[in-house]
Every structure is written in C-alpha cells, then in structure tokens.
Amino acid sequence: MQKFQQYINGTFSDGAAQFASIDPATGQTWAMMPEARVDDVNAAVDAADHAFFSPEWSSMTATQRGKLLYRLADLISENAPRLAELETRDTGKIIRETSAQIAYVAEFYRYYAGLADKIEGAYLPIDKPDMEVWLRREPVGVVAAVVPWNSQLFLSAVKIGPALAAGCTVVLKASEEAPSPMLEFARIFDQAGFPTGVLNVITGFGAECGSVLTSHPKVAHVAFTGGPDTARHIVRNSAENLASTSLELGGKSPFIVFDDADIESAVNAQISGIFAATGQSCVAGSRLVISNNIKDEFLSQLKQKAEAVVIGAPDDMATEVGPLCTEGQRKNALKLIEDSVELGAKVITGGTAIDCEGIYFPPTIIDCSNIPDAPCLRNEFFGPVLSVVGFDTEEEALKIANDTTFGLASGVFTKDLTRAHRMIRGIRAGIVWVNTYRAVSPIAPFGGHGLSGHGREGGLQAALDYTKVKAVWLRTSDDPIPDPFVMR
Ligand code: NAD
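Residues numbered from 1 in each chain as written. Predicted model: local features only at pLDDT ≥ 70, side-chain atom pairs only at ≥ 80, totals over all residues. Heavy atoms only, no water.

Enquirer: Account for the overall build of the chain, naming residues and giving values.
Expert: The helix and strand tally for the chain stands at 15 helices and 21 strands. Viewed in the frame of its principal axes, the chain has a C-alpha envelope of about 80 × 60 × 35 Å. Long-range contacts, defined as pairs at least 24 residues apart, comprise 72% of the intrachain contacts of the chain with a sequence gap of at least 6. Only carbon and sulfur atoms are counted for the fraction: they give 53% of the accessible area of the chain, which is about 20000 Å². Taking the average location of the 42 positive side-chain charges in the chain and that of its 59 negative ones, the two points are 3 Å from each other. (Helix = DSSP H or I, 4+ residues; strand = E, 2+ residues; numbered from the N terminus. Contact = heavy atoms within 4.5 Å. Areas by Shrake-Rupley, 256 points an atom, 1.4 Å probe, with all protein chains shown as cover. Lys, Arg positive; Asp, Glu negative; His and termini not counted. Charge placed at Lys NZ, Arg CZ, Asp CG, Glu CD.)

Quick look at the structure:
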C-alpha cells in the first residue's frame, strides 16, 4: 500500500489523519492519503503568508521567478510518465489521455515563466502639471487554489503558473477523491529551487479542509475549479475575508451540427467531445444539437462508433473509455437517464451500468428531442452520456444551444462562413470551437458564463488577475502645497 504526504513550508508530513484512496478500476483501496484538518490548513496558510512577505520571494525579480518556473516545467517534463501513471491510478482516467495531457502541462508553466517579466504597469498622462502618476502591478497575496479530481495537474497549472509568475504564494488543496498526482507534484516542485513556503500542497475534505482554507483571513484570492454547488460555499467562505474569487465550474455544452457540415469530421469530433476522458470533462460536448435533415444518418454513424469504443483498464494504452472516478457519478448517470426515459427520451445505445469490477459505464446516446426539460439535457453528467436534440432552423439551433444555465464551451459544425459568424456571436459561452472541439492552449483564455462561473484561466489576463493595481502619485513641484482644504 502506497502512502503519500502533504507539503507545508517546504516539509513533507503526515496530515492530522489518513484516508484511503480508491482505485476506480478495481474499487479497492490502493493508497493512504494525508488528511489536512484545521491545524494543517492554518500552518499551510501561515507558511504561504510568511513566504509572501519574505525578502527571498518579495524581492526576487520577475525574471528570476520566470527562471524558477522554467526549471519547474523541465522537472514536470522529466517526471511526466510517473505523474501520468499516478493520475490514471487514482482517477481511472485513461493513460493515453493523462500521458498526453501531463506532457502538455509543462507548456503551461513555460508560458507563465515567459510571462513573469512581461506583467507591466503603466504611466498615466495625468491632467496636473506638477504630478507624475504611474501604476504598479503588485501580487494580490496568498492564493487558495482548490481543484476537483479530474485533470488536477492541468487545473492546478493554470492557477499556480500565473499566481507565481505574478509574485503570489499558494496553498493548493488537492481533491480528496484522487490527490496522489498533486502530492507527487509537490515533491517535484520541491526540487525546483523556490523559496520555502511559496507553494504548499494539502488535501482533505471540503467541509473542513476546504472551508477553513477558503475562509482563512490571510487568503486574498480563491481560485476554484469544481461544481456550482461547491462554488456557492466558496463564495460564502470568501465573504469572510472579502477575498476575490475565480470560479471555473461545470458545463452542459452544445455541439451544433448543421446539414452542410463534414459529417465524418463532425462525428469524430463529437466522439472526442463526449467520450474522451470518459466524458468526465467540464467542456464535454454533452448536448448534440443536430439538424433534422441529417439526424438519422449522423446518429447511425455515431452509434456505430460509440459501440466500437474500446472499454478497458485505464492503464492499458489501447483503452479509449475507462472507469468513472466515483460510484456517485455512476448512480447520478443512471438516475438522470431513468428520469429522462420516463419523460419519453429514447436510449440509442448504452444507458445501463456495466456489470464488472470497477466503476464502468458505457458510451451512451439518448435522444431527448422535443423534451426540453429532460434531466439529461439540463444536468451535467460527468460521464460518457450524450443527449441529442434535433432542430429545423438556425434560429432554433441557437435557442436550444442557449437554453441552459451553464455557458462554458460550445461547438459549431458548418461550412457556411456567414452562419458560423452568426452562431459565434449568438452563443452564450466562454469558448466557441468552429469545425473543431476540445482544443486547448496556454495562450487562450478559458472560462464560462452563468453557472459555469466567472474569471478566466490561461492567457495573459489570468496572470493579471493575480495582481492588483497600485496608483502612485509623485509631486514634482518644490513650491509649498497651496490651500490644504482644497482637494487637488
Ligand atoms: P467538487 O465541487 O465536488 O469539488 C471540488 C473541490 O472543492 C474539491 O477539492 C473539494 O474537496 C472542494 N470542496 C468541497 N466542498 C468544499 C467547501 N465547502 N469549501 C471549500 N472547498 C470545498 O467537484 P468534483 O466533483 O471534484 O469535480 C467535478 C466538477 O468540477 C464538475 O462540475 C466539473 O464540471 C467541474 N470542473 C470544471 C472545470 C472548469 O475548468 N470549468 C474543469 C474540471 C472540472
């Protein structure tokens, strides 16, 4: 049985307690994890706070911070196979996906390494002749980063990278569902040469560890990725200290296919959009909005491909769909499907749990056309379930696409350029992919509208969000200050 440790103030330790982590491919405990309780959380925040004000970090040049981030990126590249293996073991995410994703995580750190000394202030052409006024961009302070279990190395990179580039310090709370990749990441971070306490990595349960961290008076910003219900707790917690928040939440993203689309390409993109990562992706294209002119043909090709998907052990390179991370997700999928079928939805393929060891659920397609309130269309599954709705006109397609409380991602498949532009304008989401799906880059911002959250991760803006502007006024005149009772 493997055992992992938390990382506080540059030291590895056991938490206040230990808890078991389950291998979703077998349903068995495979490792023990350190559970951070109040004292551990307070120690981690104190360490980050102390590091933030320490001369080793606060006086370090931005260029030097960038060099440390480059070193960290290189260490991640070197250790990518081990990190991928751990993420696969702990979450059940297939090794094909974790290997590729973690190799790319290093690029996010490289992007923010390069950005560190390009976070510039500004000079203001102020309307007073005897004043020089400029803006300094300063780090916000201690950041609490809270991540869900899926793609933790990636979701933490888009927080830790810009936060450290900006000069903040971080306490990262790994998900209790599968913390091992983040706890191993701490060991890699430890070798990069950052001053002590700049990053602290803990894990534990939301109600205690997460709450104490996100309501801590020394935390200036909470960067959260997870579900909308947890986000409401986070916002309430952050109100204690009036900390700022960035919230990356769930989605029910529309994947819209017009009848002039390249069908083969759209089918492949839809397969990737909903079945890759076993559907456990915030940007999953989980609502197929399809022209009724091609619906039958499209669904027939889609069904054929969905049924040919290789389901298997997540650590097998041949596997395309692995287990779900938690039993709760499987129960949720079964309930949503059952409730939708009761309203008249038709299961085209899949729909029932696979009877085997581990938490497996098959690629599922369910037609919910003309049932706008089908739970399958309204709720996030976080599993390989595609809900389908047909449309007749472009206006109808847009209306269906926007008929959701979420607004994270979207896909449009058409060869008609002017229609593509109308859809790009009309869709209410943080990402529109046209004739492609699920493309990401450190250079492009990522985030949502509505219940998908607010704030953006990735790109330059994300680094600026970890800074505050300080306006500096310098009087250039040696004359005495005139009338002290008049504001100048
Ligand atoms: P979750 O919301 O249950 O948990 C996320 C994290 O919040 C965990 O670390 C958990 O311990 C912590 N937490 C729970 N209660 C808390 C509290 N009261 N105070 C502070 N922290 C608390 O999410 P999950 O089930 O682990 O992940 C799935 C969700 O994450 C889905 O909704 C998915 O769409 C979303 N997600 C969003 C993105 C994105 O970038 N938009 C990416 C991946 C996942």
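Enquirer: Any details on the nonpolar core? Residues and values, ideally.
Expert: Leu72, Tyr109, Leu172, Phe185 and Phe194 are the most contacted members of the largest nonpolar core, which has 66 residues in total. With near-sequence residues (within four places) excluded, Phe185 lies in contact with Leu72, Ile76, Leu83, Tyr109, Leu153, Ile160 and Leu199. Counting 32 residues, the second-largest nonpolar core is a separate cluster that includes Leu288, Val309, Ala409 and Trp433. (Core = buried A, V, L, I, M, F, W, Y, C linked by side-chain atoms within 4.5 Å. Buried < 20%, exposed > 50% of the residue type's maximum accessible area, 1.4 Å probe, protein only.)

Enquirer: Please set out the pairing of strand β9 (residues 169-174) residue by residue, giving values where relevant.
Expert: Counting buried residues in β9 gives six out of six residues, a clear majority hidden from the surface. Of the two faces of β9, both are covered, the one formed by Thr169, Val171 and Lys173 as well as the one formed by Val170, Leu172 and Ala174. Pairing between strand β8 (residues 142-146) and β9: five bridges, direction parallel. Bridging across to β9, Val142 finds its partner in Thr169. For the handedness criterion, the β-α-β arrangement of β8, helix α5 (residues 152-166) and β9 is classed as right-handed. In this sheet, strand β10 (residues 199-203) lies alongside β9 in parallel orientation, the contact comprising five bridges. In the strand pairing of β10, Ala174 is matched with Thr203. Handedness of the crossover joining β9 and β10 through helix α6 (residues 180-190): right-handed. (Pairing = 2+ DSSP bridges. Right-handed = clockwise from strand over helix to strand, strands pointing away.)

Enquirer: Lay out the domain arrangement of the chain in plain terms, naming residues and giving numbers.
Expert: Taken domain by domain, the chain comprises domain 1 (2-249 + 448-472) and domain 2 (254-434). Facing 26 residues of domain 1, the contacting portion of domain 2 comprises 31 residues. Both sides together, the interface formed by domain 1 and domain 2 hides about 2200 Å², and carbon and sulfur atoms give 61% of it. When residues of domain 1 are sorted by the area they lose upon contact with domain 2, Ile94, Arg96 and Trp149 head the list and together hold 25% of the total. If you look at where domain 1 meets domain 2, you find one salt bridge. Between Arg96 and Glu320 there is a salt bridge, with its nearest N and O atoms 3.8 Å apart. Put simply, domain 1 and domain 2 have nine residue pairs in polar contact (both at pLDDT 80 or more) between them. Contributing elements (two or more residues each) for the side of domain 1 that touches domain 2: α3 (62-91) and α4 (95-115). (Domains from an automatic or database assignment. Buried area = accessible area lost by both parts, 1.4 Å probe. Salt bridge = Lys/Arg side-chain N within 4 Å of Asp/Glu carboxyl O. Polar contact = N/O pair within 3.5 Å; in protein donor to acceptor, adjacent residues only side chain to side chain.)

Enquirer: How would you explain the sheet that holds strand β17 (residues 385-391) if you had to name every residue and give the values?
Expert: Strand order in the open sheet made by the seven strands is β15-β16-β17-β14-β13-β18-β19, with mixed pairing throughout. Edge positions in the open sheet fall to β15 (346-349) and β19 (433-434), since each of these has one partner strand only. The pairing of strand β13 (residues 254-257) with strand β14 (residues 287-291) spans four bridges and is classified as parallel. Note that in β14 the partner of Ile256 across the bridge is Val289. Here helix α9 (residues 263-275) sits on the sheet and contacts β13, β14, β16 (364-367), β17 and β18 (411-413); the angle it forms with β13, its principal contact strand, is near 170 degrees. Helix α11 (residues 327-342) rests against β15, β16 and β17 of the sheet, and its axis sits at about 25 degrees to β16. (Axes fitted to C-alpha atoms, helices over the stretch in contact; angles between N-to-C directions.)

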